[in-house]
2 protein chains.
Amino acid sequence: MSNRSNITKQKLLDAATDIIMNQGIHHLTLDEVAKVAGISKGGLLYHYASKEALLTAIVERLQQEQNDLYASLQREGYGPVEAFVRLFDETNLHPERATIQIDVEKMIAFLTLFAVDQEYANRWKHDLDTFFEQFQKTADPVETMIIRYALEGMMMSEHFEVGVPPVELKQAVIARLIERAHDIDRQS
Amino acid sequence: MSNRSNITKQKLLDAATDIIMNQGIHHLTLDEVAKVAGISKGGLLYHYASKEALLTAIVERLQQEQNDLYASLQREGYGPVEAFVRLFDETNLHPERATIQIDVEKMIAFLTLFAVDQEYANRWKHDLDTFFEQFQKTADPVETMIIRYALEGMMMSEHFEVGVPPVELKQAVIARLIERAHDIDRQS
DNA sequence: GAACACAAACCGTCTGGTCGGTACAAAAGA
DNA sequence: TCTTTTGTACCGACCAGACGGTTTGTGTTC
């Protein structure tokens, strides 16, 4: 695969991601992706033979990005639970690396993709199942699950903008979650 | 509006709800709803002039059901936070009223509707915003928000079947959430 | 018999996907 | 070195099916 081909593929994935994030999943049509990417529909279909192939590629790239971010947080010394919490709020905790927040925003936007067709969720399901299994073996599995669920719920709430609390309260919630995650990691 | 008309309307709403829950939102077409309801598409459009009108009716009915259930829980003496927790797990706590669990399952399925089009979420948003405001004025707003987020996250996890823990762990999580909710209600 | 409650054929649009063709560069042959 | 062939990347017109909605017709109820 040539470099030119790779660049075009990334452009297409970027365009599709952009559409999902800014216009919503129901505007994600092949014509729109091609238009945003500045490439013809024929060109799009040349690289991704079907819409499904395109979506698969998007999910895989996002998955990879998330894994990399989580791994880098663990390399910085955070335990598995605390690293998971920080995954959700890197921007607030480290404003200097604002770019990676994009990953989280992407992840949120992609929930809509999973919501529309469980097929795409299945691609991720196995990895997530394996990942969350470790959370059942911490010093306090119940509290760990509560932390995990709370983060996922917060994600939903923020994405749909339903019952969003004042910023200070949100910050306090995250602070307390980090605190507890830290304790759990220490005891584990 | 005649009784016959009302029965047909309920059949249509039931069919649409059934499709959303069992086939997913992208299979919710007017033809499919009509087919499942055993009524022609013309008949469907006679009662609900557009797909949007149908969806609005579905959301409104669900909203009503949820409100009624929450109110009945409060009438039984549960505080606002604990009643909210119990809303999510009535079947496990009271197997004898298994039917109302259906409401929760519906609610979960409908998240997909909101995911696809924020328009429908907006119909619910205002009420939910108002509802969640009281959670910011409890004895421990941070913990209350964590409880709320955790329940929403659990809902997501169960719906997409991602990282679902063993039943015992799930039960223990709910038990602890109820415990904390009870404390908060008592202190408030 | 008039309003109501449905049935069924039909229409226009949108969208995923096909297909024939072009541009161009690198390899192969002369 | 010049020509021919081949493979890659891309274009854009076109097609077929799906889907929301319309229209017209028919039976049912009061």
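Just so it is clear, the structure is predicted and the values come from calculations on it, not from any experiment.

Asker: Mind showing me how you'd approach the overall build of chain A here?
Answerer: Broken down by element type, chain A carries ten helices and zero strands. Helices and strands in chain A line up, N terminus first, as α-α-α-α-α-α-α-α-α-α. Counting over 188 residues, chain A shows a buried share of 54%. Expressed as a percentage of contacts within chain A between residues at least 6 apart in sequence, the contacts between residues at least 24 apart total 63%.

Asker: Sorry if this is basic, but what is going on with the nonpolar core here?
Answerer: One recurring pattern in soluble globular proteins: nonpolar side chains tend to sit buried together. In this structure, A:V173 and B:V173 are the most contacted members of the largest nonpolar core, which totals 63 residues. Excluding anything up to four places from it in sequence, A:V173 contacts A:M154, B:V142, B:M145, B:I146 and B:Y149.

Asker: Teacher, can you tell me more about helix α4 (residues 51-75) of chain A here?
Answerer: Given 3.6 residues per helical turn, the α-helix brings residues three or four places apart onto the same face. With 25 residues, α4(A) extends 36 Å from end C-alpha to end C-alpha; this agrees with the ideal 36 Å at 1.5 Å per step. Just beyond α4(A), the residue with positive phi is A:G77, at close to 110°.

Asker: Is there a simple way to explain the packing of α4(A) against helix α5 (residues 80-87) of chain A in this structure?
Answerer: Helix-helix packing is characterised by the crossing angle of the two axes and by the distance between the axes. All names here are of chain A. As a packed pair, α4 and α5 sit with axes 9 Å apart at the nearest point and diverge in direction by 125°. Relative to α5, α4 is oriented oblique. Crossing hand, α4 versus α5: right-handed. Seen from α4, the contacting residues are Q66, L69, Y70, L73 and Q74; seen from α5, they are P80, A83, F84, R86 and L87.

Asker: What exactly am I supposed to notice about the relation of the copies chain B and chain A here?
Answerer: In summary, the two copies of the chain are related to each other by a rotation about an axis coupled with a shift along it. Note on the copies: chain B fits chain A at an RMSD of 0.3 Å, the axial shift is 0.1 Å, and the rotation between them is 179°. Taken together, the rotation angle and the small translation identify this as a two-fold axis. Both copies contact each other with a shared surface, as 100% of the interface residues of chain B are interface residues in chain A too.

Asker: Looking at this model, I keep getting lost on the packing of aromatic side chains. Mind explaining?
Answerer: Any aromatic ring pair is given by two values, namely how distant the centres are and how the planes are angled relative to each other. Applying the stated rule across the entire model yields 16 aromatic pairs over all chains. Summarising the aromatic geometry, the rings of A:F84 and A:F131 are spaced 5.8 Å apart at their centres and angled 40° between planes, so their arrangement reads as tilted. On the criterion of sequence distance, the pair formed by A:F84 in helix α5 and A:F131 in helix α8 (residues 118-133) is long-range, its members being 47 residues apart. We note that A:F84, like A:F131, is buried. Taken together through their ring pairs, the aromatic side chains of A:Y70, A:F84, A:F88, A:F131, A:F132 and A:F135 make up a single cluster. The cationic tip of A:K9 hangs over the ring face of A:Y48; the distance from NZ or CZ to the ring centre is 5.7 Å. Positioned above the aromatic ring of B:F132 is the side chain of B:R148, whose terminal nitrogen or guanidinium carbon lies 3.8 Å from the ring centre.

Asker: Sorry if this is basic, but what is going on with the interface of chain B and chain A here?
Answerer: Think of interface size as the accessible area that goes away when the parts come together; that is how it is often given. Chain B puts 43 residues into the contact, and the matching count from chain A is 43 residues. The contact between chain B and chain A buries some 3700 Å² in all, and 66% of this surface belongs to carbon and sulfur atoms. On the surface where chain B and chain A come into contact, there are six salt bridges. Counting the contacts that link chain B with chain A gives 14 residue pairs in polar contact (both at pLDDT 80 or more). Among the secondary structure elements, those contributing two or more residues to the side of chain B that touches chain A are α7 (101-116), α8 (118-133), α9 (141-160) and α10 (167-187) of chain B. Among the elements that line the side of chain B that touches chain A, the one with the most residues is α9(B), at 16 residues. Residues of the side of chain B that touches chain A, tallied by class, amount to 24 nonpolar, eight polar and eleven charged.

Asker: Mind showing me how you'd approach the side chain of A:D185 here?
Answerer: All names here are of chain A. Mapped onto the elements of the fold, D185 is located in helix α10 (residues 167-187). Although D185 is buried, it makes no salt bridge; R86 carries the closest opposite charge, 8.3 Å away. Of note is the side chain of D185, whose polar atom sits 2.8 Å from the backbone nitrogen of E82.

Asker: Just to check I follow, could you spell out the pattern of salt bridges for this structure?
Answerer: It is possible for side chains of opposite charge to pair when their charged atoms get near one another. All names here are of chain B. A full pass over the atoms with the stated rule returns 20 salt bridges over all chains. For the salt bridge of R148 with E152, the shortest nitrogen-to-oxygen distance reads 3.1 Å. Of this pair, R148 and E152 both sit in helix α9, four residues apart, which is roughly one turn of the helix. With relative accessibility at 14%, the residue E152 sits in the buried group.

Cut-offs and rules
- Residues numbered from 1 in each chain as written.
- Chains lettered and ligands numbered in written order.
- Predicted model: local features only at pLDDT ≥ 70, side-chain atom pairs only at ≥ 80, totals over all residues.
- Heavy atoms only, no water.
- Helix = DSSP H or I, 4+ residues; strand = E, 2+ residues; numbered from the N terminus.
- Buried < 20%, exposed > 50% of the residue type's maximum accessible area, 1.4 Å probe, protein only.
- Contact = heavy atoms within 4.5 Å.
- Core = buried A, V, L, I, M, F, W, Y, C linked by side-chain atoms within 4.5 Å.
- Expected span 1.5 Å × (residues − 1).
- Axes fitted to C-alpha atoms, helices over the stretch in contact; angles between N-to-C directions.
- Parallel < 35°, antiparallel > 145°, perpendicular 65-115°, else oblique.
- Left-handed = near helix turned anticlockwise from the far one by under 90°.
- Least-squares fit on C-alpha atoms with pLDDT ≥ 70 in both.
- Phe/Tyr/Trp six-rings, centres within 6.5 Å; stacked < 30°, edge-to-face > 60°.
- Lys NZ or Arg CZ within 6 Å of the ring centre and 35° of its normal.
- Buried area = accessible area lost by both parts, 1.4 Å probe.
- Salt bridge = Lys/Arg side-chain N within 4 Å of Asp/Glu carboxyl O.
- Polar contact = N/O pair within 3.5 Å; in protein donor to acceptor, adjacent residues only side chain to side chain.
- Nonpolar A, V, L, I, M, F, W, Y, C, P; charged D, E, K, R; others polar.
- Lys, Arg positive; Asp, Glu negative; His and termini not counted.

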